[in-house]
Amino acid sequence: ANKTSFGKNTVTTKTSSGDISTQPGTTLVDYLVIAGGGSGGLAAGAGGGGAGGYRNSVTGETSGGGDSNETSVEINAGATLTATIGAGGAALTGPGYCAPGNQGNTSSLAGGGITTISSTGGGGGGSSGPSAPSKQPATPGGSGGGQPGYVDPASPGVGTGVTGQGFRGGYGYCAPSGSGGGGGGAGSVGGNASNPGNPGCGGTGGSGVASSITGSPVTRGGGGGGAVYKGNYGVGGPGGGGDGGRQSTPGIYPGCAGCANTGGGGGGKFACAPGNAGGSGVVIVKELDKASGVWSMQSQFQAKSQGTWPQFLLSTPLNFLVVAGGGAGASMGGGGGAGGY
């Protein structure tokens, strides 16, 4: 089946939860559903927060984690869809080393006869310090949080991502630099912290993914950068990830929260103060215009590969009746003959 959809290519962007009323003739939509990013860890060597889960159906573009299998979905004609926008993970409030960053919240698109499309909130960055009573590993999420510093990189502590939504976080670095790993992004894993000579470098946040669903390409879903005790903080990943923090002279650079409505992860936060929150998510719907009987190259290829492409065969004889015109009668003569039958 290849149903007609007269959606006029209407695009609706929801930055807060609510309903989407589609056009009366809309039966096919594209979607972008991004969850809230995770918040960064707290104190020296904090890991960056992971980006919120990233789901994208636009043909020719990938979803999070490099997934290219999502496609447009059919809805009931003129249906009302419900968008839920996930908030970013809340900032930690201290004291230092107490807990990993908070996971972001789920975003979803539901209603109209579709199976609910949901994205998982980003994982929180890990927290640690040289005098910490315990090391707090990063948490998993749509994209995973970055591992804290002051731990062996080979030890557990990296947040994992959800397949088809995002990537894992990066690894931290041991003393003396205390550098946290970057949070995972929708488009790549979080960067690993390093120590090219004391001071060290925090891990860069994983990159986001660009989508043109609104008309022009926009990158969203970047991971948060890792914090560092002394040295270069991790830069937030392209797509709304927040920078990590560092101790600097004079004062302290606290780092940044993830950008709103991108699902960006918050940067790791240096010092015993509120950490960096994750960015809120977003839901975007595009109502497609599509004429019945016109297939995209992608859908045709899939149908041929699966053996489901239609074949039009004349399977029964055709009944017919063909009668020619009759001949004219002569004046005071014979009648005209009937036409051939």
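Here, the structure is the one placed above.
Here is a short report on the structure shown in this document.

Here is what the cut-offs are and how they apply
All residue numbers refer to position in the chain's written sequence, counted from 1. Totals for whole chains, interfaces and linings use every residue, but because this is a predicted model, local features are given only for residues with pLDDT of at least 70 and side-chain atom pairs only at 80 or more, for both listing and counting. Values shown for side chains rest on all heavy atoms present in the structure; no hydrogens or waters enter the calculation. Per-residue accessibility, obtained with a 1.4 Å probe over protein chains only, is compared with the maximum for each type, and a residue is labelled buried under 20%, exposed over 50%, and partly exposed between these values. What counts as a helix is a DSSP run of H or I of at least four residues, what counts as a strand is a run of E of at least two, and both are numbered from the N terminus. Two strands make a pair as long as DSSP finds a minimum of two bridges between them. Between N-to-C directions, angles span 0 to 180 degrees; the directions come from axes that are lines fitted to C-alpha atoms, helices contributing only their stretch in contact.

Here's the deal with helix H1 (residues 297-306)
For the α-helix, the turn length of 3.6 residues means that residues three or four positions removed from each other point alike.
In step 1: Of all 10 residues in H1, 1 are buried, a share of ten percent or less.
In step 2: Downstream of H1 by one or two residues, glycine 307 has phi in the positive range, about 75°.

Considerations on the pairing of strand S13 (residues 228-232)
In step 1: By the bridge criterion, 2 bridges tie strand S10 (residues 200-201) to S13 in an arrangement that is parallel. Among the inter-strand pairings, glycine 200 is bridged to a residue of S13, identified as glycine 231.
In step 2: Here S13 runs beside strand S14 (residues 246-247); their pairing, made up of 2 bridges, is parallel. Residue pairing for S14: lysine 230 is matched across the bridge by glutamine 247.

A word on the sheet that holds strand S8 (residues 107-110)
Sheet strands pair by backbone hydrogen bonding; their relative direction is either parallel or antiparallel.
In step 1: Strand order in the open sheet formed by 4 strands is S3-S7-S8-S9, with antiparallel pairing between adjacent strands. Unpaired on one side and paired on the other, strand S3 (18-21) and strand S9 (117-119) mark the two borders of the sheet. Within this sheet the neighbouring strands show an average axis-to-axis angle of 15°, counted without direction.
In step 2: Of the pairings in the sheet, the one linking S8 to S9 comprises 3 bridges and is antiparallel in character. Across the sheet, residue leucine 109 finds its bridge partner in S9, namely isoleucine 117.

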